[in-house]
Amino acid sequence: MATAPITTRRDGDILVITSNNPPVNALGAAVRTGLMAAVLEGAADADVRAVVLRCVGRTFFAGADITEFGQPPVFPLLPELVEVIEGSPKPIVAAIHGTALGGGLEVALACHYRIAADGAKLGLPEVKLGLLPGAGGTQRLPRLVGVTEALTMIVGGSPVSAERASEIGLVDRVVGADALEAAAIAYARDIIGEPLPRASERGERIAEAVRDPAVFDRFRQAHGRLLKGLRAPEACIAAVRAAVELPFADGLLRERALFQELLAGDESKAQRHYFFAERAAGKIAGLDASVVPQAIERVGIVGAGTMGGGIAMNFLSAGIPVTLVEREQAALDRGVATIGGNYARNVRSGRMSEDAAGAAMALLRPTLALADLADSDLVIEAVFEDLAVKTALFAELDRIVKPGAILASNTSYLDIDAIAAATGRPEAVLGLHFFSPANIMRLLEVVRGAATAPEVLATAMALSKRIGKIAVVARTCDGFIGNRMLKPRQEAANQLVLEGAKPWDVDRVLTAFRFPMGPFQMADLAGLDLGWDAATSQGATLREAMCEAGRRGQKNGRGFYDYDAERRGTPSPQAEAIIAAFVAKRGTVQRAVDDAEILERLLYPMVNEGARIVEEGVAQRASDIDVVWVNGYGWPIGTGGPMFWADTIGLDTVAAGLERQGVAVAPLLRRLAAEGGRFTG
Ligand code: T1G
């Protein structure tokens, strides 16, 4: 009898092995032990002619148990189990439903046949954990589907559908989900006596690659963006190359060596931290299953500008009707046209079907009348970022919308409690801070006011998941989590330039750290004249001085950088002269500032602010801050976010650096640094 969570039963001469290891049938030690026993049981039993391997619950094995990484290894290890499966003298048929991912797909690859339920997904996402498939996936998958398909799945990390898997030869049959077990058993019965097809023995797809050595260069040309300067994607390519260049057994050894190297590296530790951080962000103290989210069937949005239109698309694309309100017809028409244009672009790029785009647009109800929001379950305002404007609007909405409707502000830093106080329903008011472009950026800061009811918070969290957002809860404060930490970085960047660093040096240090761009590149992109008024400008800041000199950023071809027709920027001598004149007027002594100091001055104050955000309870936990910064501001995933990165370099190092900068160290940071502690466990 196999060990639970693995059970076996006989269906005639077929042994059916079932795994029941909620929530995702992760291949933890108990599962591996049970599977090993069950497969060996089947091999030894003369009455067993074939085996079916299946899972119950929401999915087929969704991979190795990530919580085991970094712990002492517990045998049997997955590669060992996978070899026993493929080496079975009896045919083993994998019955796949849900998401066969990572080690789960590697188990299926070692089986002799694979039957998938329609709707199932199959993938090797290890690269997203800073790893590579470490149980034979990099050696078996290319032998089944060819090098190009294998590289796309392994380096990209995205799953393929059951239908696609069938097309590329990854699965043998796709059946209706309800018929999966029976179909797998019938299939097993049909192939009894057939020669055992082992992926490791398939040579024809490898031979193709041997005859076409440019296949790897073509992949790199087409998918270079997937590499992101991270170690795992390169290692994935090296492992697949080993499948082409080495005998199978040697390729496995190469895969194992590359896997172990990645597993021990900081990048994978950071990406595994992020995996759990993203899931932890959805857990809110005091919000358990007993708090039932409200039904949201219709959403109202006030403001059809860039943000309002982008926000509307999230709901329209999720099949939720939207009433979009503007004050003037021209603005409303522009908003609707922008939404339509975005959907048309999605269709042209293949991201969306014509029908889906049409269905989304059909759910949009543009209007000039606030009264049309009366039937909305949730209203989100995306109007001018001014507290008086918002409080007046919320007072009016409070009179219009039905009892129980939720009112949300898209404000990026204003006080949610002050906005809530303008209504008679403060318990139904919160912030939903979308990031621009709102229809693309996955981060959503859910800002709870002092009075926000648990049900309202639960509704916002459930809705975030429904529209594909990664929600992080913040309490109200100036800038919530992300912008509050961006502020000290911007201030430090400006101060560094006043002291002698060049804007392009500051940007270079951050892009070398793998941010997509630095603060001055961002400023040029957003527009230096954002909020600038020529009538009142005093040349009191660097930004004002630049605007007064007619340098508005990318929009007019010159900011801190000079831009060519393709908006490629080069450091601007004129900008340098404006900075020199500005500094001379202030009498600041200029000096050379090295890269190490630039990085410390930019990032340590952010970590310090993050510590304050945690100790004030604005964020529930330090890892939530990492989720905000990875998804909202492009913090490079290979260092896990500002708080994990600080842990990695040592909080004592950060505290000492802040002392050198004359910055007051946050009490939480000081305490953890003294104790040798970490923000992120
Ligand atoms: N190990 C441990 N726990 C896992 C897990 C895993 N592989 N996958 C999910 N969980 C937990 C998760 O933390 C959460 O816990 C709960 O399950 C529900 O997850 C050798 C080395 C399968 C698509 O990368 O992509 O195999 O918060 O909230 O949205 O080559 O989970 O409830 O306490 O995400 O429905 C490769 C990772 C591993 C797949 C389901 N596999 N998982 O999504 O639920 S490395 C993966 C997912 C590997 C081998 C290599 C998703 C999901 P809690 P969830 P979901």
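By convention here, each chain's residues receive numbers from 1 onward along its written sequence. The predicted nature of this model means local features are confined to residues of pLDDT at least 70 and side-chain atom pairs, given and counted, to a pLDDT of 80 or more, with totals for whole chains, interfaces and linings taken over all residues. Just so you know, side-chain values use all the structure's heavy atoms and leave hydrogens and water out.

**Thoughts on unusual backbone geometry**
Moving on, step 1. In the segment running from Pro22 into Pro23, the intervening peptide bond is cis, with an omega of 0 degrees.
Moving on, step 2. Helix and strand definitions here come from DSSP, where helices need a minimum of 4 consecutive H or I residues and strands a minimum of 2 consecutive E residues; each element is numbered from the N-terminal end. Tracing the sequence through the fold places Pro23 in the loop between strand S2 (14-19) and helix H1 (29-44).
Moving on, step 3. Looking along the chain, the bond that leaves Ser436 and enters Pro437 is cis, with omega of -5 degrees.
Moving on, step 4. In this fold, Pro437 is placed in the loop between strand S15 (429-434) and strand S16 (443-448).
Moving on, step 5. With a phi close to 55 degrees, Phe480 is a non-glycine residue in the positive phi region.
Moving on, step 6. Checked against the element boundaries, Phe480 lands in the loop between strand S17 (470-475) and helix H19 (482-499).

**Considering the UniProt feature "domain: 3-hydroxyacyl-CoA dehydrogenase NAD binding" (unreviewed entry) in the protein**
Moving on, step 1. UniProt positions are given in the numbering used here, feature names are shortened, and annotations may be inferred rather than shown by experiment. Mapped onto the present numbering, the UniProt feature "domain: 3-hydroxyacyl-CoA dehydrogenase NAD binding" (unreviewed entry) falls on residues 299-475.
Moving on, step 2. Between the end C-alpha atoms of residues 299-475 the distance is 23 Å, and the span holds 41% helix and 21% strand.

**Section: the sheet that holds strand S13 (residues 378-381)**
Moving on, step 1. Between any two strands, at least two bridges found by DSSP are needed for them to pair. Strand order in this open sheet of eight strands is S12-S11-S10-S13-S14-S15-S16-S17, and the pairing throughout is mixed. At either end of the open sheet lies a strand with only one pairing partner, and these are strand S12 (364-367) and S17. With direction set aside, neighbouring strand axes in the sheet form an average angle of 25 degrees. Axis definition: a line fitted to C-alpha atoms, over the contacting stretch in the case of helices. Angles run 0 to 180 degrees between N-to-C directions.

**Description of the site of the ligand**
Moving on, step 1. Surveying the vicinity of the ligand reveals 27 residues, the closest of which are Arg58, Glu106, Glu126, Arg279 and Lys283.
Moving on, step 2. One of the backbone nitrogen or oxygen atoms of Gly103 is found 2.8 Å away from an oxygen atom of the ligand.
Moving on, step 3. N or O atoms within 3.5 Å of each other form a polar contact, as long as, within protein, one can give a hydrogen and the other can take it, and as long as residues adjacent in sequence are counted only when both atoms are side-chain atoms. Between the ligand and the protein, one listed contact pairs an oxygen atom with a side-chain N or O atom of Arg279 at 2.7 Å.
Moving on, step 4. In short, Shrake-Rupley with a 1.4 Å probe defines the accessible areas, and a residue's cover is counted only from the protein chains shown. Its free accessible area being 990 Å², the ligand has 75% of it covered by the protein chains.
Moving on, step 5. Going through the elements one at a time, strand S5 (99-101), helix H3 (103-110) and helix H12 (266-280) are the ones with two or more residues in the shell around the ligand.
Moving on, step 6. Ranked by residue count, the leading element in the shell around the ligand is H12, at three residues.
Moving on, step 7. Among the residues forming the shell around the ligand, the class breakdown is 16 nonpolar, five polar and six charged. Definition of nearness: a residue and a molecule or strand are near each other if at least one heavy atom of the residue lies within 4 Å of the molecule or strand. Throughout, the ten residues Ala, Val, Leu, Ile, Met, Phe, Trp, Tyr, Cys and Pro are labelled nonpolar, Asp, Glu, Lys and Arg are labelled charged, and all others, Gly among them, are labelled polar.

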